[in-house]
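Fold and geometry: a report
Chain by chain, the residues:
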Amino acid sequence: MMRYSLPRLVGHALRDRPWPRAWRKATPRSHYDVVIVGGGGHGLATAYYLAANHGVRRVAVLERSYIGSGNVGRNTTLVRSNYMMNGSTQFFEFSLKLWEGLSQALNFNVMLSQRGQIVLGHSPAQMDGLARRGNTMLLNGIEAELLDRGQVQRLLPYLDYSPAARFPIAGGLLQRRAGTVRHDAVAWGYARAADSLGVDILEGCEVSGFLLDAGGVHGVQTSRGRILADRVALAVAGHSSQLAALAGLRLPIESHLLQAFVTEPIKPFVDHVISFGAELFYLSQSDKGGLVFGGHIDGFNSFTQRGQFPKAQGVAQCALALIPGMSRLKLLRHWAGIQDMTPDGGPFICRTPVRNLYFNGGWCYQGFKATPAVGWCLADTIARDEEHPLVRCYGLERFAQGGASLDEYGHGHWTYRH
Amino acid sequence: MSAGSHRVRAGGRIDRNEPRVFSLDGRRLTGYRGDTLASALLAAGVSVVGRSFKYHRPRGFVTAGVDEPNGLFTLGEGGRAEPNAQGTVVQLTDGLRAASQNAWPSVRFDWGAVNSWIAPVLQAGFYYKTFMGPTRRAWMFYERFIRRAAGLGAARHDPDPDRYDTHYLFTDVLVIGAGPAGLSAALAAGRSGARVLLIEQDGLLGGTLLSDPVTGQTEPWRARLEAELQSLPEVRILRHTTALGVYDGNTAILLTRRDHCAPDPGNGEALQILTSVRAKAVIHSTGATERPLVFPDNDRPGVMMASAVRTYLNRYAVACGRHAVVLTNNDSAYAAAFDLAPQIDRVTVVDVRRALHPALTAKAASLGVEVHAATAVTGVLGRTRVRGVTLTPIDGARSRSAPCDLLCVSGGWSPMVHLSSHGGIRPRYQADSAAFVPGGYAPGHFGAGALTGRFSLGEAVQTGWRAGLRAAAECGFERVSADPPAEPEGVAPWDTANHRIEPVWALGGARAGKAFVDFQNDVTVRDLAIAHQEGYESVEHLKRFTTLGMGTDQGKTSNINALAIMAGLRGIELPEAGTTTFRPPFVPARLGALAGRHVGQHFRPVRRSPLHAWHLGHGAQMIEAGPWLRPWYYRWAGETVERAYLEEMRRVREAVGLSDVSTLGKIDVQGPDAAEFLDRLYVNGFARLPVGKARYGVMLNDAGTILDDGTTTRLAETRYFMTTTTAGAAEVMSWLEFLVQTAWPELRVHVSSVTDEWAGIAVAGPKARAVLERALPGWDVSNEALPHMGCLEIEWDRMPVRLIRLSFSGELAYELYVPADYGTAFWEHLLSSGEPFGIRPYGLEALASLRIEKGHVAGAEVDPRLTLNDLGLGRMARPEKPFIGRELAARPLLDSPERPSLVGLECLEPGQRLRGGAILFAASDELKGHGRGYVTSVTWSPTLGKFIALGFYAGGLRHVGEEIVCAFPLYGERVRARITSPVFLDPKGERLHA
Amino acid sequence: MLRIHCPLCGERPYTEFRYGGDAGKHRPVHGAGGIEAWHDHLFLFENAKGPHREFWQHVQGCRQWLIAVRDTATNIVADVALARDARGLEPQGPGER
């Protein structure tokens, strides 16, 4: 792999030398040790860690469209580890730690910007909830600060502290290490690094079936022919149910639309990630200058990848409830991704009832920030054929067992309420 | 050049009798009514109006419409400042203040232009390859500079003084765009009698016809159609209105700008109106936008779209230069050349095609326009203004330079397929017009005019007419007029459907100089080549890697050129390259317009109890409780909540208090099977509850965890009065309806929400009965007549009162429900009746603290993550009786005795306090991890003289008496506490049975 | 905007309704069915990409629970009936179990 660096960039610029491809245009081999279905952030990261951590290099990543065409390129780029429920706290902190060294590990600048996230509280009860979250974080070695109203006002003087505010700000929980990442770069960086370790990235390769027998799965049928594999992993958020059905599995997952919104680019306006407490809404500003908004899912099963307009109105209302001055800013674009929603808002990384078939999905709102840890833990789970300790709580059987909840906000068992 | 020097003496659609004074960067300028900011600036000879995003290259206007990539300004000041406004669509008004952007100190001289010196390094994707060291946090350092350099205009945080409104419309036929096709379509549909809504983003109807000379031959036709449309009663026309998107269910979202009317927010007038319109049929007559050609330095001020130059000339009476070169690959640009020729010094046409229509060359000759066929422009001279061009014959003969001060460019036309693509139908490439056209139309949608890739005026009129008839028929209106409107006179013989375009995508060697594909985001041909080298060649990778088409213009002018150039690099056909997805909104839309009136206190509706006004008038400090506002505390008891709630509690414990509990959900359950219904719903039984008795009940959801709790009273054999928590009221009501309507329709039972019908008042304290005896003379409220959990339906002042004896506070207490309208009267009656006993109102804080002392669960404890056992209420369930959630509540791990369950906590350290959100550990535990539990509710107990709390602890009450640690590392605190029963006060219930 | 034809109130925007999830499954009989039956009912989904039977309640109208058949790939609603009436009918199409 040609290493990227400033001297090399200058050298190429001055001599106008061509750059090599970031990843090869691979042709499918007949057999791989591991086939990963889904060339999004999760699938590519898994391939990379299989090769880098476990020396498993005969790996193929199969992508129906172009790599990064799913949610890794449609999200609001937020990374954080302010999780409260046992299991998630440790997993997302592990992920954030990986984010912190990712640009260097991949030799690809994913632009981790640890600008800090403030989750606002608007009532004494909400502040108690934030305190429980923050205390849990600190007790698990994750930094957190509980801010009162005055401290929030000093940090974010432009929020609405006027008597006209419908939900007055009582305080907030700050995680300084939280922030944003350039989302597309994650897919590309993992692809490039995995490719350099010998992983085949097969774009335009759609899986139409699994080769199954009594011993489990031993390959996949694709639009580019039959590909044999010792082990097969699914990382196809949004379409998990459709792929799993091909292997005869029914999942605790429903597909929902989550919209994201971006405004026109403006000069620096908001320096943090800010989460509203009265409704699910958060914002940050991209390095390019656009304000990026996220909200709640549209609320009903859908695969259309186009959102409903009332959500855009609701998001604009939340934005103005936080910062009334944004009224004059213009919405540039809104789009939707299909995300797996689960009955407890928690994900799955596990073996399945089909031998040699591994499943990763059900990430709800948190798939992007989980990317490095998913890759790490799924690779480990595949390589050892046993769940990595950090993901033992992320099994498919947990609803039948009634184990400890992963439901961070207590929304109950409805997929569409999380 | 002096101000006003580019204004042509006569013609145009401006009103020279109405000057408009405005300013740019403090410089006072004058234009006319009918001008846009852009036309007024061009008239004043202002050529550099902005700096580009990355290289800070000087830029001028390129277009005359919504596709403008360069001419962006910050308008207005203070609370009205709006960044990134396109000067090409801003109507000139008196006093308009515009400021240029992204330049320091000025657009004429901008330090940012040093970026141009290192431009080769700032190539596509450069930031992915560097800024990774020396430390892991290095990016945070570089980012500060990059962020400051990025962004266009600056936004302010000041509140917006303007108002915005939301409208809803219904129509039969929606016609989007009032160009010749749209006018024709609207007329066809309108004459049929259908309700027609014609929208036009411009202030005038006519579209491209407005760019024809106002004295020309198309104007009478345009005026005639406009007049007839205005005369049709069922045709409604919205000007200054843009369709932002077309969504499911034939719903279009429109934005109407009223800036030019100077609406007065104080008078309730809206600056912008967002309209959601539901149409039975939609006609897309959105036209096409002219696209640039790509050649080195094609971004210099003075390089403009040919059609824009013609618009400025004919509509705004502005000659954008004195010596024009027109570069084209199609016939449409000749109209600009021919219109310019009589008005300016010299016009030269440079046409990349070899064979030209004889009528064109003849007309050119007659006007003295020189035409160079098979020639390209391969370079531009001048930096802040075009000074000349380099002409290179296509066959490779020697280049030569030619002076000019204006370069008009036409690379062909791109249909505005955005709206027709919002539904998910991908555009398809139509080779003969070298354009992407709609790949199809959703049911009830029709296309017309240039959108269909047919660019002639005749086709526009014809396709519009047909679309109008079909759309009307779709709505059940058969045609009443067989005659299409006669086509405008004087259509040129070269006005053909595809303008005889011969597409060329990059001129003059892609790599020499900077040949821009995307002006606003500074994407060059070289960037595309780099993207290709590195494999970012699929259209979405290309866009994301180079930021192509991601600017405020959303690639309206740039996308197809980029796709074609990339297809060329890849050696594939253009259609194979595909297109990016078109995302709404079509043009950037203010968040204020999206939010409408849902701002400030109207962000979300406030629910108020019937006693709200009384509370406000009597010193209540209110607090949000979900959508409700409830009294938090009353000032009679203290100026701060910390003091007041203790005083209020003391009053309840020692005398009597009253509290507004109207926000509880109230549901009337009636029917012969009401008892069976409740038996299935609650974990505990209600069928054997005697009439006139109340019972506390808990509901689980299907998953076997907590849904809600509350008290339900049996008013009659077949009638119950249920109360729910305030937060859970709406959810429980829907759940009951679901069960009645879908799961158990065989049960003869009805449920009705009566939350708003009844005001609820709790009277609590040892003197509560004495108050009621005084307040309700003639009714026996003795312990015998009304024991604990008893209910009486009585009257006061001929008004029904539901009097239920139940207690949340642990005191002798009653809840009284009266019709909402009488709530205040009855509340005041209770207050005056209780005066001798010292009755006072108490708020939410005291209410919550009283119930903590009594160990009642609420708020944070009523949590769908928890089970009945977790709340210590397992004994309520009657296992022999089936109830919702019974089965899944028995899941093995939910039954574990080691789950955290409800305990009381008392603080053992004087001078310290317990806090909600603390994490609990055994005394011997290391303080790390998730602990054994957590604290949910805390209060100072004036009764016990210490801090007490409710919380959850692994193993629960098996640990009563143990000393544990409450960790609150956020404040660096660890406090010792003892586990107790959650019932701190009167465990035998002597007070409430008194 | 998604619109749903309420059999009682007419066609209305979806914002007037509360979504109630998959209606393609039979709810186990009250008091019958063990953990497995309820687990499958509550936690496993076909999650059809195509026609999907689903509950909606017209909360801002007649408050009736409806069963709609909506194509999740296109958002086109093919059919809506009162859940009370539709309940006796066997699930049709891909929602069937």
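Read on for an overview of the structure. (Residues numbered from 1 in each chain as written. Chains lettered and ligands numbered in written order. Predicted model: local features only at pLDDT ≥ 70, side-chain atom pairs only at ≥ 80, totals over all residues. Heavy atoms only, no water.)

As for the packing of aromatic side chains
- Enumeration according to the criterion identifies 63 aromatic pairs over all chains in this entry.
- Ring centres of A:Tyr49 and A:Tyr190 lie 5.7 Å apart, and the angle between their planes is 65 degrees; on these two criteria the pair is classed as edge-to-face. Of this pair, A:Tyr49 sits in helix 2 (residues 41–54) while A:Tyr190 sits in helix 7 (residues 183–196), and the two are 141 residues apart along the sequence.
- Accessibility expressed as a relative area gives 4% for A:Tyr49, which makes it buried.
- Here A:Phe348 and A:Phe399 contribute two aromatic rings whose centre-to-centre distance is 6.3 Å and whose plane-to-plane angle is 75 degrees, an arrangement assigned as edge-to-face. Remark: A:Phe399 occurs in helix 11 (residues 398–401) and A:Phe348 occurs in strand 17 (residues 348–351); sequence separation between them is 51 residues.
- The ring of B:Phe53 carries A:Lys288 above its face, with NZ or CZ at 4.8 Å from the centroid.
- The ring of B:Phe721 is capped by B:Arg802, whose NZ or CZ atom sits 4.6 Å from the centre of that ring. (Phe/Tyr/Trp six-rings, centres within 6.5 Å; stacked < 30°, edge-to-face > 60°. Helix = DSSP H or I, 4+ residues; strand = E, 2+ residues; numbered from the N terminus. Buried < 20%, exposed > 50% of the residue type's maximum accessible area, 1.4 Å probe, protein only. Lys NZ or Arg CZ within 6 Å of the ring centre and 35° of its normal.)

What to know about the sheet that holds strand 31 (residues 620–625) of chain B
Residue and element names in this part refer to chain B.
- An order of 30-32-31 is seen for the 3 strands of this open sheet, with the pairing classed as mixed. Among the strands making up the open sheet, the edge pair consists of strand 30 (607–608) and strand 31.
- Bridging between strand 31 and strand 32 (residues 628–634) involves 6 bridges; their strand directions are antiparallel. Following the sheet pairing, alanine 620 is matched in strand 32 by tyrosine 634. (Pairing = 2+ DSSP bridges.)

Looking at the pairing of strand 16 (residues 323–328) of chain B
All names here are of chain B.
- Of all 6 residues in strand 16, 6 are buried; the element is thus mostly enclosed.
- Side chains of strand 16 alternate between two faces, with His323, Val325 and Leu327 and Ala324, Val326 and Thr328 buried alike.
- Bridge count for strand 16 against strand 17 (residues 346–351) is 6 bridges, and the pairing is parallel. The partner of valine 326 across the bridge, within strand 17, is valine 349.
- As a crossover connection, the stretch from strand 16 through helix 6 (residues 333–340) into strand 17 is right-handed.
- The pairing of strand 16 with strand 22 (residues 406–410) spans 5 bridges and is parallel. (Right-handed = clockwise from strand over helix to strand, strands pointing away.)

Regarding the side chain of A:Arg166
- Among the secondary structure elements, A:Arg166 is positioned in the loop between helix 6 (149–155) and strand 6 (171–175).
- Only 2.7 Å separates the side chain of A:Arg166 from the backbone oxygen of B:Arg604, close enough to count as a polar contact.
- Engagement of the side chain of A:Arg166 in a polar contact is seen with the backbone oxygen of B:Pro605, the distance being 3.3 Å. (Polar contact = N/O pair within 3.5 Å; in protein donor to acceptor, adjacent residues only side chain to side chain.)

Some remarks on the sheet that holds strand 14 (residues 282–285) of chain A
- The 9 strands lie next to each other as 5(A)-6(A)-4(A)-13(A)-14(A)-15(A)-12(A)-16(A)-29(B), forming an open sheet whose pairing is mixed. Looking at which strands have only one partner, the edges of the open sheet turn out to be strand 5 (145–148) of chain A together with strand 29 (589–590) of chain B.
- Both strand 12 (residues 254–265) of chain A and strand 15 (residues 290–294) of chain A contribute to a ladder of 4 bridges, which runs antiparallel. Paired with A:Phe261 across the two strands is A:Phe293, which belongs to strand 15 of chain A.
- Here helix 5 (residues 124–139) of chain A sits on the sheet and contacts strand 4 (117–121), strand 5 and strand 6 of chain A; the angle it forms with strand 6 of chain A, its principal contact strand, is near 20 degrees. (Contact = heavy atoms within 4.5 Å. Axes fitted to C-alpha atoms, helices over the stretch in contact; angles between N-to-C directions.)

Description of the nonpolar core
- Counting residues in hydrophobic clusters, the biggest one holds 151 residues, and the most contacted among them are A:Phe91, B:Leu37 and B:Leu41.
- Taken domain by domain, the makeup of this core includes at least three residues from each of domain 1 (15–116) and domain 2 (164–288 + 415–474) of chain B.
- Aside from chain neighbours lying at most four places away, what touches B:Leu37 is B:Phe22, B:Phe73, B:Leu75, B:Gly87, B:Val90, B:Leu92, B:Leu96 and B:Ala98.
- Judged by nonpolar contacts, the second largest core, of 66 residues, contains B:Ala155, B:Ala243, B:Val246 and B:Leu594. (Core = buried A, V, L, I, M, F, W, Y, C linked by side-chain atoms within 4.5 Å. Domains from an automatic or database assignment.)

Re the interface of chain C and chain A
- With 27 residues of chain C in contact, the opposing surface of chain A contributes 28 residues.
- Buried surface at the junction of chain C and chain A, both sides included, amounts to about 2,300 Å², of which 55% is carbon and sulfur.
- Looking only at chain C, the three residues that lose the most surface to chain A are C:Phe43, C:Phe45 and C:Asn47, adding up to 28% of its buried area.
- The interface formed by chain C and chain A includes 0 salt bridges.
- Our count for the chain C to chain A interface comes out at 12 residue pairs in polar contact (both at pLDDT 80 or more).
- For the side of chain C that touches chain A, the elements supplying multiple residues, two or more each, are strand 3 (18–22), helix 1 (35–43) and strand 4 (51–57) of chain C.
- Of the residues forming the side of chain C that touches chain A, the biggest block, 5 residues, is contributed by strand 3 of chain C.
- Broken down by class, the residue content of the side of chain C that touches chain A amounts to 12 nonpolar, 9 polar and 6 charged. (Buried area = accessible area lost by both parts, 1.4 Å probe. Salt bridge = Lys/Arg side-chain N within 4 Å of Asp/Glu carboxyl O. Nonpolar A, V, L, I, M, F, W, Y, C, P; charged D, E, K, R; others polar.)

Quick notes on the interface of chain B and chain A
- Counting residues at the interface gives 122 residues for chain B, matched by 123 residues for chain A.
- Summed over both partners, the interface of chain B with chain A comes to about 10,300 Å²; 56% of that surface belongs to carbon and sulfur atoms.
- The largest share of the area that chain B buries against chain A comes from B:Arg147, B:Leu591 and B:Arg865, three residues that together contribute 8% of it.
- B:Glu731 serves as the salt-bridge partner of A:Arg417, at 2.9 Å between the closest nitrogen and oxygen.
- If you look at where chain B meets chain A, you find 73 residue pairs in polar contact (both at pLDDT 80 or more).

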